[in-house]
Amino acid sequence: MKLSLVVPCYNEEETVEKFYEAVKNAFINHIKEYELIFVNDGSKDQTLHKLHQIYNLKEENIKVISFSRNFGKEAAMFAGLKQAVGEYVTIIDADLQQRPEVVLEMVEVLDNKPEIDCVAAYQAERREGKVLSFFKSSFYKLINKMAEVDFVSGASDFRTFRQPVNQAILNMTEYHRFSKGIFSWVGFEVFYMPYEVQEREGGTSKWSFIKLFRYAVEGIMAFTTAPLKVATGVGGILSFGSIVYFIVNLVNYLINRNGMSQGDLIIGIILLLCGIQLLVLGVIGEYLAKLYIEGKNRPIYIAKNILSYSEEEEEM
Ligand code: UDP
Ligand code: MG
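This text gives an overview of the structure that appears in the document. Everything numeric here is computed off the predicted structure, so don't read it as measured data.

**A closer look at the overall build of the protein**
Then, number 1: For the protein, the count of helices and strands is 11 helices and 7 strands.
Then, number 2: Its C-alpha radius of gyration of 26 Å places the protein more than 25% over the 20 Å reference for a compact globule of 316 residues.
Then, number 3: When its C-alpha atoms are laid out on the principal axes, the protein stretches across 95 × 55 × 35 Å.
Then, number 4: When each of the 316 residues of the protein is scored for burial, the buried share is 41%.
Then, number 5: Long-range pairs, those at least 24 residues apart, make up 82% of the contacts in the protein between residues at least 6 apart in sequence.
Then, number 6: Carbon and sulfur atoms provide 59% of the accessible area of the protein, an area that totals close to 18,300 Å².

Encoded structure:
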């Protein structure tokens, strides 16, 4: 099998058939062996019915996974990737905002450049309002400052990658998934390809501003523990400040013989105690951060390939 297309679908009754036709038309003279893996993410409309109709045509290699309720696009992608057996795997939306023709270009890159493992499409020009665009770029600045892996602004889930990349992604079994981070985390050689986002073929976007905001918070929580460490910094500054405060007062006493007033003393003690409290909270935060990362059960490393004499002999 050359290519697996993973297609998350939530209330896409207006688009799934168009999508299926578009893929067939685009691939007909280019890719013979491919499979379409539709994941019905608990749609409340006729999406599942439409998917069954497509399945019953028995024209192409089709898999339909249907969730018991709406679990979200991240879960849908994970379920689809689990079923994907192709040499290459593509994640693509059902609404035709991402054209199947672009997938052909991605496949071409992988065919011609063995050193590339993943082709990621990014929006060359954002087609959204100024406010949303501002929030999105601020999010990328913030998360890139805090997280240890890089997040590329404008890159989407629209990607085609080799099976080893798929296996690496599947090894990330965390429940709170943030695919942009997961793609960065697994590494590999990524080729960024500009593409133009099309208008939706029908239906509406499932993302409201609130949903996007929550998703952004999820991303920050999933890939950095920086917020847990804020207390350490603030506590450190307060403690240091209070010690300086006491020293200044001591010097003042030694030179001018001016004792500390009761008020000064109380301020100093409050600063010191608050600082120590925050520092201790910070220490707890550091342990919690470690525990949090351990809880995700991520692989300790991902090896791209291993060279060894014994294997070469086996192949010969
Ligand atoms: N989707 C999904 N589950 C959800 C929300 C969305 O499977 O809970 C699918 C949706 O059917 C579409 C893709 O994810 O195929 C992208 O969603 P959408 O087009 O609403 O997002 P946008 O393009 O507006 O970012
Ligand atoms: Mg869309």
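There's plenty left to go through after this.
**So, the site of ligand 1**
Then, number 1: If you check the shell around ligand 1, you find 16 residues, and the closest are Glu-12, Asp-41, Asp-95, Ser-205 and Lys-206.
Then, number 2: In the model, an oxygen atom of ligand 1 is placed 2.8 Å from a nitrogen or oxygen of the Tyr-10 main chain.
Then, number 3: Arg-200 has a polar side-chain atom sitting 2.8 Å from an oxygen atom of ligand 1.
Then, number 4: Contact with the protein chains hides 88% of the accessible area of ligand 1, taken as 530 Å² for the molecule alone.
Then, number 5: Across the shell around ligand 1, the residue classes break down as 5 nonpolar, 4 polar and 7 charged.

**Describing empty space enclosed by the protein**
Taking a probe equal in size to a water molecule and rolling it over the atoms shows the remaining empty space.
Then, number 1: Counted according to the given criterion, the structure contains 2 cavities of 30 Å³ or more.
Then, number 2: Reported here for the largest cavity is a volume of approximately 70 Å³.
Then, number 3: Residue lining of the largest cavity: Glu-74, Met-77, Phe-78, Leu-81, Ile-91, Ile-169, Arg-177, Ser-179, Ile-182 and Phe-183, and that is the complete set.
Then, number 4: Mapped onto the lining of the largest cavity, the elements with two or more residues apiece are helix H3 (73–83) and helix H7 (179–186).
Then, number 5: If you tally residues by element for the lining of the largest cavity, the top one is H3, at 4 residues.

**A closer look at the packing of helix H5 (residues 130–146) against helix H8 (residues 209–223)**
Then, number 1: Put simply, H5 and H8 touch, their axes get as near as 10 Å, and they point 10 degrees apart. The angle between the axes of H5 and H8 places the two elements in the roughly parallel class. For the pair H5 and H8, the contacting residues are Leu-132, Phe-135, Lys-136, Phe-139, Leu-142, Ile-143 and Met-146 in the first and Phe-209, Leu-212, Ala-216, Gly-219 and Ile-220 in the second.
Then, number 2: Class assignment of the residues belonging to the contact of H5 with H8 gives a composition of 10 nonpolar, 1 polar and 1 charged.

**Quick look at the pairing of strand E1 (residues 3–9)**
Then, number 1: Counting buried positions along E1 yields 7 of 7 residues, so the element is predominantly enclosed.
Then, number 2: Residues of E1 alternate between two faces, with Leu-3, Leu-5, Val-7 and Cys-9 on one and Ser-4, Val-6 and Pro-8 on the opposite face, all of them buried.
Then, number 3: In the sheet, E1 pairs with strand E2 (residues 34–40) via 7 bridges, with the strands oriented parallel. Pairing of Leu-3 across the sheet is with Tyr-34, part of E2.
Then, number 4: In this fold, the crossover linking E1 to E2 by way of helix H1 (residues 16–27) has right-handed handedness.
Then, number 5: The pairing of E1 with strand E4 (residues 88–91) spans 4 bridges and is classified as parallel. Across the sheet, Ser-4 pairs through a bridge with Val-89, a residue of E4.

**Digging into the environment of Phe-183**
Then, number 1: Along the chain, Phe-183 falls in helix H7.
Then, number 2: Phe-183 has contacts with Ile-91, Arg-159, Phe-161 and Ile-169, leaving out every residue within four places of it along the chain.

**Comments concerning the sheet that holds E2**
Then, number 1: Pairing is mixed across the open sheet formed by 7 strands, whose spatial order is E3-E2-E1-E4-E6-E5-E7. Of all strands in the sheet, those with a lone pairing partner are strand E3 (61–66) and strand E7 (190–195), marking the two edges. Shown here is a sheet whose adjacent strand axes are inclined to one another by a mean of 20 degrees, direction ignored.
Then, number 2: Examined bridge by bridge, E2 and E3 share 6 bridges and lie parallel to one another. If you follow Asn-40 over to E3, its bridge partner there is Ser-66.
Then, number 3: The sheet contacts of helix H2 (residues 47–56) involve E1, E2 and E3, and relative to E3 the element is tilted by about 155 degrees.

**Examining unusual backbone geometry**
Then, number 1: Although it is not a glycine, Lys-58 sits at a positive phi angle of roughly 50 degrees.
Then, number 2: Tracing the sequence through the fold places Lys-58 in the loop between H2 and E3.
Then, number 3: You will see that Asn-297, though not glycine, has its phi angle at about 55 degrees, which is positive.
Then, number 4: Here Asn-297 lies in the loop between helix H10 (262–295) and helix H11 (309–315).
Then, number 5: Relative accessible area serves as the criterion here: at 57%, Asn-297 is assigned to the exposed category.

Parameters and conventions
- Residues numbered from 1 in each chain as written.
- Chains lettered and ligands numbered in written order.
- Predicted model: local features only at pLDDT ≥ 70, side-chain atom pairs only at ≥ 80, totals over all residues.
- Heavy atoms only, no water.
- Helix = DSSP H or I, 4+ residues; strand = E, 2+ residues; numbered from the N terminus.
- Rg over C-alpha atoms; globule rule 2.2 N^0.38 Å.
- Buried < 20%, exposed > 50% of the residue type's maximum accessible area, 1.4 Å probe, protein only.
- Contact = heavy atoms within 4.5 Å.
- Areas by Shrake-Rupley, 256 points an atom, 1.4 Å probe, with all protein chains shown as cover.
- Near = heavy atom within 4 Å.
- Polar contact = N/O pair within 3.5 Å; in protein donor to acceptor, adjacent residues only side chain to side chain.
- Nonpolar A, V, L, I, M, F, W, Y, C, P; charged D, E, K, R; others polar.
- 1 Å grid on protein atoms, 1.4 Å probe; cavity = no way out; pocket = protein on both sides within 12 Å on 5 of 7 lines; lining within 4 Å.
- Points joined across faces, edges and corners; volume = space filled by probe spheres on them.
- Axes fitted to C-alpha atoms, helices over the stretch in contact; angles between N-to-C directions.
- Parallel < 35°, antiparallel > 145°, perpendicular 65-115°, else oblique.
- Pairing = 2+ DSSP bridges.
- Right-handed = clockwise from strand over helix to strand, strands pointing away.

The analysis is restricted to geometry; functional conclusions fall outside its scope.
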